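Here's the letter readout for the chains.
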Amino acid sequence: MSALSVRQVRFRYLTLYGLRWLPTGLMIPVMILLMQERGLSLSQIGLVSIAQGLVVLALELPTGGLADALGRKPVLAAAWTLSLVSLGLFAVADSFALFFLVWALQGVYRALDSGPLESWYVDATLAADPKAEYEAGLGFAGTVAGVTIAVGALLSGGLIALGPVGPVSALTVPVLVAIALQAVALAALLLLLVETGPAKGSGALRASMVEAPRMVGQAFGLLRRSRVLLALVAVELFWGFGMVTFESLLPVRLAEVVGNPERAAALLGPASSAAWLASAAGAALTPLLLRWLGAAPSAALLRIVQGVTVVGMGLFAGPVGVLVAYLACYTVHGASNPLHTGLLHRQVDGPYRTSVLSLNSMVGQPGFAIGAVLLTAIADTRSVTTAMLVGGVVLAVAAPLYLPAWRAGRAAGAAGDPAPAGPDAVGSTAGSSAVGSTAEPGVVGPTGDFGPVADGQAAVPAAGPGGGEAAPVR
């Protein structure tokens, strides 16, 4: 890794990051519609999407430990190969069982894909220059993800408008293009990602499988020893809960103010593309926020601001007001992701980096599930506005959880200790030195390709009833 310069590492990271999210953008407009075209009802689509969530929940931490133990490149190569296989199967699937298998494969892919590329970037950057500030590159990754997903969604719409190609239906054409782009992404990964690590071979794989549980245990050990890290991971629980408002309830709210579900759906198409661009613009603000307030104070402020935007979506009376609040929400969302992830990186050293990112991502899953149950129940029994108000408050309530990172950063700055915390050093002043002063980083997540996730991998796609991506989510 040290043979690459900081600039080369960043270029390769952003290139691979864009290639990773471009196929996702193509799938956003066709996911649900194509499954319906193949005969699935909305209730069946909801059931097949469960496969992905269950698999991700079961494998998120073990695969994070595997990436730390075996190396990031082989795990990413396996993940992107699985994505290619699942897209190929999706192109021909025509039954409930086959679509269930597609989503299960996507769950394995998502679990494997959650964190290794970002961890490679941070470690490769520090190998090139131990004093390098990697956070700005992570912020640029959020911008790249937003732009490429928006471009992919617009390209998909154009392909659909062209109509069928021979026996291939119009809705299937974008899937075939996504398959081709995924193959390009896999080839680019094998070529561009240079990693020095454990020796290759079956022996290394067996040793890594044995080592992975220990790495996961060490990740939990970091939480036990570090109040800072525990508080940061807890933020994801509140974040996952609150995301239900702008991922699942926004379409219902827009239909209320428009008075026509079909017109609301038409408005949501371009609005979702604009939301990705707004998220990208928010991520681009990362260096400014870091210079202005620092990482932890900025992250705390943005939690409150995002809560306010959700309240705006619930209270504004017209479609213009609701959509402006929606775009503002995703602008804040894009800016928050790099800040949060960078604070996580400052609390852990390289060998445990992916395990901690996976742990952070996993915590968002039950948060989103609880929010989905409670907020939709409130929307049914009270009103969508009330549900959004509750979700907005929960988002804002997480702000004080950034205080331990802010205090640790100030203490470390006073002590002049810039070193990130290792498994034995975590919990004092180490690991947060740059938290209040350096540039901040990218997203754990976009991680969800066929469904909502609070993952982290940089900003991620939201799912509708069947898990189809409609908007960027963490």
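This structure is a prediction, so every number in the text was calculated from the model and none was measured. (Residues numbered from 1 in each chain as written. Predicted model: local features only at pLDDT ≥ 70, side-chain atom pairs only at ≥ 80, totals over all residues. Heavy atoms only, no water.)

J.: I keep staring at a nonpolar patch on the surface and nothing clicks. Help me out?
T.: A contiguous nonpolar surface patch, about 450 Å² in accessible area, is contributed by L47, I50, L54, F96 and F100. Of all elements in the fold, only α3 (42-70) and α5 (96-113) reach the threshold of two or more residues within the nonpolar patch. Residue contributions to the nonpolar patch peak at three residues, all from α3. For I50, the location among the structural elements is in helix α3. Assessed through its relative accessible area of 41%, I50 is described here as partly exposed. (Patch = residues over 30% accessible without salt bridge, like charges linked within 9 Å, V, L, I, M, F, W, Y side chains within 5 Å. Areas by Shrake-Rupley, 256 points an atom, 1.4 Å probe, with all protein chains shown as cover. Salt bridge = Lys/Arg side-chain N within 4 Å of Asp/Glu carboxyl O. Helix = DSSP H or I, 4+ residues; strand = E, 2+ residues; numbered from the N terminus. Buried < 20%, exposed > 50% of the residue type's maximum accessible area, 1.4 Å probe, protein only.)

J.: Mind showing me how you'd approach the confidence of the model for the protein here?
T.: Low pLDDT marks regions whose predicted coordinates should not be analysed in detail. Put simply, the protein has an average pLDDT of 76, and 76% of its residues get 70 or more. Taken together, the stretch residues 418-448 has pLDDT below 50 and engages in 152 contacts with residues farther than four places along the chain or on a different chain. (pLDDT = per-residue confidence, 0-100. Contact = heavy atoms within 4.5 Å.)

J.: Any chance you could explain the nonpolar core here in plain terms?
T.: Nonpolar side chains in soluble globular proteins tend to be buried together. Formed by 58 residues in total, the largest nonpolar core has its most connected members in F246, M313, Y326, L343 and Y402. The contact partners of F246, leaving out residues within four places of it in the chain, are Q306, V310, M313, Y326, C329, Y330, H333 and L395. Ranked by size, the runner-up nonpolar core spans 37 residues in total, among them V9, Y109, A124 and A150. (Core = buried A, V, L, I, M, F, W, Y, C linked by side-chain atoms within 4.5 Å.)

J.: What exactly am I supposed to notice about the pattern of salt bridges here?
T.: Side chains that differ in charge, positive against negative, can pair when their charged atoms come close. One pass over the structure, following the stated rule, counts three salt bridges. Across the salt bridge formed by D123 and R72, the nearest N and O atoms sit 2.5 Å from each other. In this pair, D123 sits in helix α6 (residues 116-128) while R72 sits in helix α4 (residues 72-92), placing the two residues 51 residues apart along the sequence. We note a salt bridge from E256 to R253, for which the minimum N-O separation is 3.2 Å. Of this pair, E256 and R253 both sit in helix α10 (residues 227-258), three residues apart, which is roughly one turn of the helix. Judged by relative accessible area, R253 falls into the buried class, the value being 8%.

J.: How do you make sense of the environment of P404 when you look at a structure like this?
T.: Mapped onto the secondary structure, P404 falls in helix α17 (residues 403-415). Beyond its immediate sequence surroundings of up to four residues, P404 is in contact with R227, V228 and A231.

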